[in-house]
Amino acid sequence: MSAADYLGTVRDRDWEQLESGTLRIAMISLGWWTREQAIPAVEDSEFCETTVLVSRSREKASAAAAEIPTVEAALTYEEFTDGEATDEYDAVYVCTPNALHLPYAEAAAEHGKAILCEKPVESTRERAERLVEATEEVPLMVAYRMQTDPQVRRMRELVAEGAIGDPVAVHGSMSQQMLETVSDDADQWRLDPDLVGYGASVMDLGIYPLNTARFVLGADPVSVTAQMHSADAAFGDVPDQHAAFTIRFDDGTQAACTASQHAAYTGHLRVVGTDGELVLEPVFLGQPEQTLTLHSDGRRLEVADGRRDVMRDEMTEEFDYFADRVLRDAPIHPDGDHALVDMRALEAIYDAAETGTTVSV
């Protein structure tokens, strides 16, 4: 198969083995991401449906439930934790603020339910370790949606097959105007260290190039450096309104990454090898017309993905992959142990920025 033909298979679900079945999902927290991305993604999925909604407010959960025909129960957090309506769902999607992942993952595990937990898996390395330990007896997947994105998966395969020679360097970036895109409230949880964890930009955005580089390379970080600063009053309680960090991986590859919650809405991932390079952009934020390009031997091969709603498609891929694995009782990746590597790297990145030194992961 030629490289052009190979790139043309980018829409294939190389992981799919399930032919039929439905995984019933309880949505934990009804913030904007759950309402605008996760619930529509499940509606578009082949193997999932939303059957339970969980929120701090019963009124909010009931109002949202009235708009979704498949929902069987609307619960408060306390009712979910106490075990109400456990017959109405098979798995949970945890999309609370980072520091609240642990209690609801623990409750789901006690109820014997599979868990899809948003990244990062918790707010600190210590809390993440507690979450992974508490969920050992149930399937746990951490929601790194880029790992089920067809083009990212093809990047990984092309690197493994030597399409660009030996990988040498990764360049990754992700940024957005958070106070415009997410919420204009400066008191939101992403700016609260007690809820977000180590910081705002690397925890929420920088983790995308970090984890996607790990996945594409099949490598793990061994040391990091970092620089950060926060200039505006809204970011006064977090160190990283803007951040830049480097990673050395165990395969010898070096990565240079940036992240910002107060910059243009964009992202890219570039893998440079001894014989060529792969570029995916725009990426991470679900921009339309995401393009994967292979540069090798003086040629430029490109495949443009014409999805009109890339974010929903990425989320749908993620939910269907999760269902495929849970319904078949098959191994899930990325799992909790995989996520703990990121948590150690995140802790090291913030330590490196504070100390101005290279920190081992």
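Note that the structure is predicted; figures quoted are calculated from it, not measured.

Reading the values: rules and limits
- Residues numbered from 1 in each chain as written.
- Predicted model: local features only at pLDDT ≥ 70, side-chain atom pairs only at ≥ 80, totals over all residues.
- Heavy atoms only, no water.
- Helix = DSSP H or I, 4+ residues; strand = E, 2+ residues; numbered from the N terminus.
- Contact = heavy atoms within 4.5 Å.
- Disulfide = S-S within 2.5 Å.
- Buried < 20%, exposed > 50% of the residue type's maximum accessible area, 1.4 Å probe, protein only.
- Pairing = 2+ DSSP bridges.
- Right-handed = clockwise from strand over helix to strand, strands pointing away.
- Patch = residues over 30% accessible without salt bridge, like charges linked within 9 Å, V, L, I, M, F, W, Y side chains within 5 Å.
- Areas by Shrake-Rupley, 256 points an atom, 1.4 Å probe, with all protein chains shown as cover.
- Salt bridge = Lys/Arg side-chain N within 4 Å of Asp/Glu carboxyl O.
- Lys, Arg positive; Asp, Glu negative; His and termini not counted.
- Charge placed at Lys NZ, Arg CZ, Asp CG, Glu CD.

A word on the side chain of glutamate 318. With respect to the helices, strands and loops of the structure, glutamate 318 is situated in helix α11 (residues 310-327). Every residue in contact with glutamate 318, bar those within four places of it in the chain, is listed here: Leu116, Met141, Ala143, Tyr144, Arg145 and Thr148.

Inspection of every chain in the model, using the stated rule, returns zero disulfides. Considering cysteine sulfurs only, cysteine 95 is the nearest to cysteine 117, which forms no disulfide, with 9.0 Å between them.

Quick look at the pairing of strand β2 (residues 48-55) now. Along any regular strand the residues' side chains alternate between the sheet's two faces. Summarising burial for β2: seven of the eight residues are buried, a large majority. Looking at chain direction, strand β1 (residues 23-28) and β2 are connected through six bridges and run parallel. In the strand pairing of β2, isoleucine 25 is matched with threonine 50. Taken together, β1, helix α2 (residues 32-44) and β2 form a β-α-β motif whose crossover is right-handed. One crossover worth recording links β2 to the parallel strand β3 (residues 73-76) by way of helix α3 (residues 58-65), and it is right-handed.

Further remarks concern a negative patch on the surface. A grouping of Glu133, Glu136, Glu137 and Asp337 is seen on the molecular surface, where their side chains present a negatively charged patch. The exposed category is assigned to aspartate 337, whose relative accessible area is 53%.

Here we come to the environment of arginine 344. Relative to the assigned elements, arginine 344 resides in helix α12 (residues 336-355). In this structure arginine 344 comes out as partly exposed when scored by relative accessible area, which is 34%. Spatially, the C-alpha atoms of arginine 344 and glutamate 67 are 40 Å apart, while their sequence positions differ by 277 residues. Contacts of arginine 344, omitting those with residues within four sequence positions, involve Arg125 and Val361.

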